[in-house]
Amino acid sequence: MSARPTALHRVSAGVKLVVLCVFCTGVSMAGWPGAGWVGLACVLLGGLALGPWFAGLILRDLKGPAFIAALIFGFQWVAGRFDLGVSLAGTLLACISAAMMLSRTTSPAELLDVIDGWLARLRLPRKYRQRLALAIALTLRFIPAISGRADVLRLAHLARSPKRAGWRLVTPLAIGTLDEADQAADALRARAHIE
């Protein structure tokens, strides 16, 4: 969560989660390759409306995902599917930036409570509701964590070499991400949240 409150902090977690789901579904289902890029522009304009500092946070968080989107676009371009590459990269960045806005303005505890409440209406056993709610909340919080790790790796590389990091960060970022996921799984097992 961002330290400085915004108007979006006062919106309930349930409303923000519904808007995120509708937004990502709409961007993904649109038949136009530029829909993701328009969605990304809308998210960034929304962040700018909350304050230039907030838009800066979102842009900073997008550095790692932008690299992955560029790889996806490049692969699709080489494969001869330029439109698909444009669509996938834009959709990925739009949905990630929207999820970052959610995670920057909503505490994980609020997300867990909302998701657990929704699942309770489906009459799922409490044990399964808690597991699913935790998985969703961890997924939404994991994106900014990966972006932060990418920034740390980029700065460490910059301290050692004047060359641009680029592809050199892929391996340490992947290994670090897997290590972080493994540590989270161990912590959850130790606290008996999952078996």
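Presented here is an overview of the structure given in this document. These numbers were taken from a predicted model, which means no experiment stands behind them.

Details of the overall build of the protein chain
Now for step 1: Along its length, the protein chain carries eight helices and zero strands.
Now for step 2: Relative to a compact globule of 195 residues, whose C-alpha radius of gyration would be 16 Å, the protein chain shows 18 Å and is just as compact.
Now for step 3: Counting only C-alpha atoms, the protein chain reaches 50 × 40 × 35 Å along its principal axes.
Now for step 4: Put simply, the protein chain has 195 residues, and 36% of those count as buried.
Now for step 5: Of the contacts made within the protein chain by residues no fewer than 6 positions apart, 71% connect residues no fewer than 24 positions apart.
Now for step 6: If you sum the accessible surface of the protein chain, you get close to 11500 Å²; carbon and sulfur atoms cover 68% of it.
Now for step 7: A gap of 5 Å separates the mean positions of the 22 positive and 11 negative side-chain charges of the protein chain.

Description of the pattern of salt bridges
Now for step 1: Here the structure, examined in full by the defined rule, presents two salt bridges.
Now for step 2: Arg-104 is paired through a salt bridge with Asp-61; the nearest N and O atoms lie 2.9 Å apart. Of this pair, Arg-104 sits in helix H5 (residues 82-105) while Asp-61 sits in helix H3 (residues 52-61), and the two are 43 residues apart along the sequence. In this structure, Arg-104 and Asp-61 share a single accessibility class: buried.
Now for step 3: Notably, a salt bridge pairs Asp-116 with Arg-126, separated by 3.9 Å at the nearest N-O pair. Taken together, the positions of Asp-116 in helix H6 (residues 108-121) and Arg-126 in helix H7 (residues 126-160) put the pair ten residues apart, joining distant regions of the chain.

As for helix H2 (residues 35-50)
Now for step 1: In a regular helix each residue adds 1.5 Å, so 16 residues correspond to 22 Å; H2 covers 23 Å between its end C-alpha atoms and thus fits that length.
Now for step 2: For H2, every residue scored as buried is listed here: Ala-35, Gly-36, Gly-39, Leu-40, Val-43 and Gly-47. All buried residues of H2 lie within an arc of 140° about the axis, which places them on one face of the element. For H2, the exposed residues lying more than 90 degrees away from the buried face are Leu-45 and Ala-49.
Now for step 3: Contacts from the buried residues of H2 go to helix H1 (13-29), H3 and H5.

Looking at the side chain of His-157
Now for step 1: Tracing the sequence through the fold places His-157 in helix H7.
Now for step 2: Residue His-157 is classed as buried on the basis of its relative accessible area of 12%.
Now for step 3: When neighbours within four sequence positions are excluded, His-157 is seen to be in contact with Lys-163, Arg-164, Ala-165, Arg-168 and Leu-169.

Examining H3
Now for step 1: Of all the residues in H3, the buried ones are Phe-54, Ala-55, Leu-57, Ile-58 and Asp-61. Burial along H3 is one-sided: seen end-on, the buried residues are contained in an arc of 150°.

Brief notes about the packing of aromatic side chains
Now for step 1: One pass over the structure, following the stated rule, counts four aromatic pairs.
Now for step 2: For the pair Trp-53 and Phe-54, a centre-to-centre distance of 5.6 Å together with 85° between the ring planes defines the contact as edge-to-face.
Now for step 3: Trp-53 sits in the partly exposed class, given a relative accessible area of 24%.
Now for step 4: Given a relative accessible area of 0%, Phe-54 falls into the buried group.
Now for step 5: Between Trp-77 and Phe-82, the aromatic rings sit 6.3 Å apart at their centres with planes inclined by 70°, giving edge-to-face as the arrangement.

Re unusual backbone geometry
Now for step 1: Even without being a glycine, Arg-123 presents a positive backbone phi close to 65°.
Now for step 2: Mapped onto the elements, Arg-123 comes out in the loop between H6 and H7.

Re the side chain of His-9
Now for step 1: Relative to the assigned elements, His-9 resides in the segment before H1.
Now for step 2: Of the residues examined, His-9 reaches a relative accessible area of 18% and is grouped as buried.
Now for step 3: Side-chain polar atoms of His-9 contact the side chain of Thr-6, separated by 2.8 Å.

Conventions and cut-offs
- Residues numbered from 1 in each chain as written.
- Predicted model: local features only at pLDDT ≥ 70, side-chain atom pairs only at ≥ 80, totals over all residues.
- Heavy atoms only, no water.
- Helix = DSSP H or I, 4+ residues; strand = E, 2+ residues; numbered from the N terminus.
- Rg over C-alpha atoms; globule rule 2.2 N^0.38 Å.
- Buried < 20%, exposed > 50% of the residue type's maximum accessible area, 1.4 Å probe, protein only.
- Contact = heavy atoms within 4.5 Å.
- Areas by Shrake-Rupley, 256 points an atom, 1.4 Å probe, with all protein chains shown as cover.
- Lys, Arg positive; Asp, Glu negative; His and termini not counted.
- Charge placed at Lys NZ, Arg CZ, Asp CG, Glu CD.
- Salt bridge = Lys/Arg side-chain N within 4 Å of Asp/Glu carboxyl O.
- Expected span 1.5 Å × (residues − 1).
- Arc of directions from axis to C-beta.
- Phe/Tyr/Trp six-rings, centres within 6.5 Å; stacked < 30°, edge-to-face > 60°.
- Polar contact = N/O pair within 3.5 Å; in protein donor to acceptor, adjacent residues only side chain to side chain.

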